[in-house]
Amino acid sequence: MASPSSVCPHCGAPLPAEALVCPACHRVVDRGSDPDPIGDGPVPDETVEPTGEQPREPVAARGRPPAKAPANRGGPPPPNPFAAELTRRLARVNQWAEGAEPLGVEVPRLPAWAEEAARSSWNPEPWAEAVRGIERIAQRRIVAGFEEWQKRTRARLTRLEAYAVDSRLERDQIEDTLHAARTGDIAQALATFQQVDRVVSLKERHLDQAREELERVVALLRDMQALGVDPPQDPTNVEDDLESELRAGKLAPLKQQIRALRLQAVNRLKAGLPRYIADYGDYLLEERGHGIATELEAIELARGAREFFRGHPEEGLRRLRALQQTHGLPPSRTPHGGAGRR
C-alpha cells in the first residue's frame, strides 16, 4: 500500500493523495495550508454548499429568535388624524372672517406657524382646544357686530317706511340673522345678512335717485324764474306735489311727472334763454366800455351757454344763476329798472 502523502490538519489522520475531505473526521482539507499551528481543537463546522443555494445558518445562531430590523427613521411620519379636521375648521373660520368684513368685525385666526405645528403634533388636543377658543371668540364678535348692524338697519328701514316702502320681510330676516348667529349657525347668519343688506341698499338707491331727480327739476324751475324765464309751473307748488308722490311711494308715476316737467322746462328755455344770453353779453360789453374788467364774467357766461346747448340744462342754468348772483342782472331785466350790479 502506498504511504499517505499528507495528514489531516484537523485530526492528524493520514489522507489519501488528492483527498479533499478527511475520511476520519469528514472535514474539508485545505491542500494549500499547513496543519493548524494553534491546535486548539476543531474549527466551526463549515460545509461547502452548492452554487445557487442559500448558505447554511451558522451553528452559533441556531435556536435564537430572529433579530428585528431597525426602524426606518428617515421615512415620512404616519398621517396625523387631526390634520383633516383642523383644515376643515380653520377654513370655516376663514369664511366667517371674510363674511364678517362688511360688519367691521375682525375675526381672530391661527398663525401659519401654529397651523403647521398643529398638523404635525402627536398630541392634537391642546391645538383642538385652541381652535375651539378661536371659534368662540369669533362667534361673540360676530354676534356683537350683528347687534350693531340691526340698530343701523332698523333706522334705514324706518326712513324707507316713511316713503311707504314695504320692509316687513327685511325686519323678519334681521331677527332670523341674529337668532342664527346666537345659536352658532354663523354661515347661515352671514348669508341672510348679505341678502338683507343688498335688498335694503337697492331700495335706498331707488329712493335716493327719485329724490335727486325731484330736487334737480325743482332747482331748474327756480333758476328759470330767477333768470326771468317763465317756468311751466310754479316751483313751490311743483315741489309740494312731487314730494307728496314720493312720500306715498309712487316712484314710477313720480318719475314720469318729472320727465314731462323737465321736457316742458327745456322747451321754454330753448325759446327764452338765447335772448337772455344776448342781453347779458351786451351788458358785459357796456360795462367793459366803461373800463370795468368783465373777462371772467364773459367766460362764465359762455360756459353756461355751452353747457345748456350741449344738453345739460341744469348745469348751464346753475352757472348762469351763479353769474347773476355775483355780477347782477342787466338793467333791462332788473326789477324797477335799477342798477345791474349788486
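To be clear, the structure that these remarks concern was listed above.
Note that the structure is a prediction, hence the values are computed from the model and not measured.

**Details of helix H6 (residues 235-247)**
And step 1. With 13 residues, H6 extends 18 Å from end C-alpha to end C-alpha; this agrees with the ideal 18 Å at 1.5 Å per step.
And step 2. Along H6, the residues that are buried comprise Pro235, Val238, Leu242, Glu243 and Leu246. Taken end-on, H6 shows its buried residues confined to a sector of 130 degrees, consistent with a single buried face.
And step 3. By the N-cap criterion, in which a side-chain oxygen at the helix start approaches the backbone nitrogen of a residue two or three places on, H6 is capped by Asp234, the distance to Thr236 being 3.1 Å.

**Quick notes on the packing of aromatic side chains**
And step 1. One pass over the structure, following the stated rule, counts six aromatic pairs.
And step 2. Ring plane angle 65 degrees and centroid distance 6.0 Å describe the contact between Phe146 and Trp149, whose orientation is recorded as edge-to-face. Taken together, the residues Phe146 and Trp149, both in helix H3 (residues 125-162) and three residues apart, mark about one turn of the helix. With respect to burial, Phe146 and Trp149 carry one shared label: buried.
And step 3. For the ring pair Phe146 and Phe193, a centre distance of 5.7 Å and an interplane angle of 65 degrees mean the geometry is edge-to-face. Taken together, the positions of Phe146 in helix H3 and Phe193 in helix H5 (residues 186-226) put the pair 47 residues apart, joining distant regions of the chain. Each member of the pair, Phe146 as well as Phe193, is classed as buried.
And step 4. Cluster of aromatic residues (ring-pair linked, three or more members): Phe146, Trp149 and Phe193.

**Looking at the side chain of Asp223**
And step 1. Locating Asp223 in the fold gives a position in helix H5.
And step 2. What makes Asp223 buried here is its relative accessible area of 12%.

**Here's the deal with helix H9 (residues 313-327)**
And step 1. Here H9 is 15 residues long and its end C-alpha atoms lie 21 Å apart, about the 21 Å a rise of 1.5 Å per residue gives.
And step 2. All of the buried residues along H9 are Pro313, Glu314, Gly316, Leu317, Leu320, Leu323, Gln324 and His327.
And step 3. Buried residues along H9 sit in contact with H5, helix H7 (251-289) and helix H8 (295-309).
And step 4. At the C-terminal side of H9, Gly328 shows a positive phi close to 95 degrees.

Reading guide: rules and limits
- Residues numbered from 1 in each chain as written.
- Predicted model: local features only at pLDDT ≥ 70, side-chain atom pairs only at ≥ 80, totals over all residues.
- Heavy atoms only, no water.
- Helix = DSSP H or I, 4+ residues; strand = E, 2+ residues; numbered from the N terminus.
- Expected span 1.5 Å × (residues − 1).
- Buried < 20%, exposed > 50% of the residue type's maximum accessible area, 1.4 Å probe, protein only.
- Arc of directions from axis to C-beta.
- Polar contact = N/O pair within 3.5 Å; in protein donor to acceptor, adjacent residues only side chain to side chain.
- Phe/Tyr/Trp six-rings, centres within 6.5 Å; stacked < 30°, edge-to-face > 60°.
- Contact = heavy atoms within 4.5 Å.

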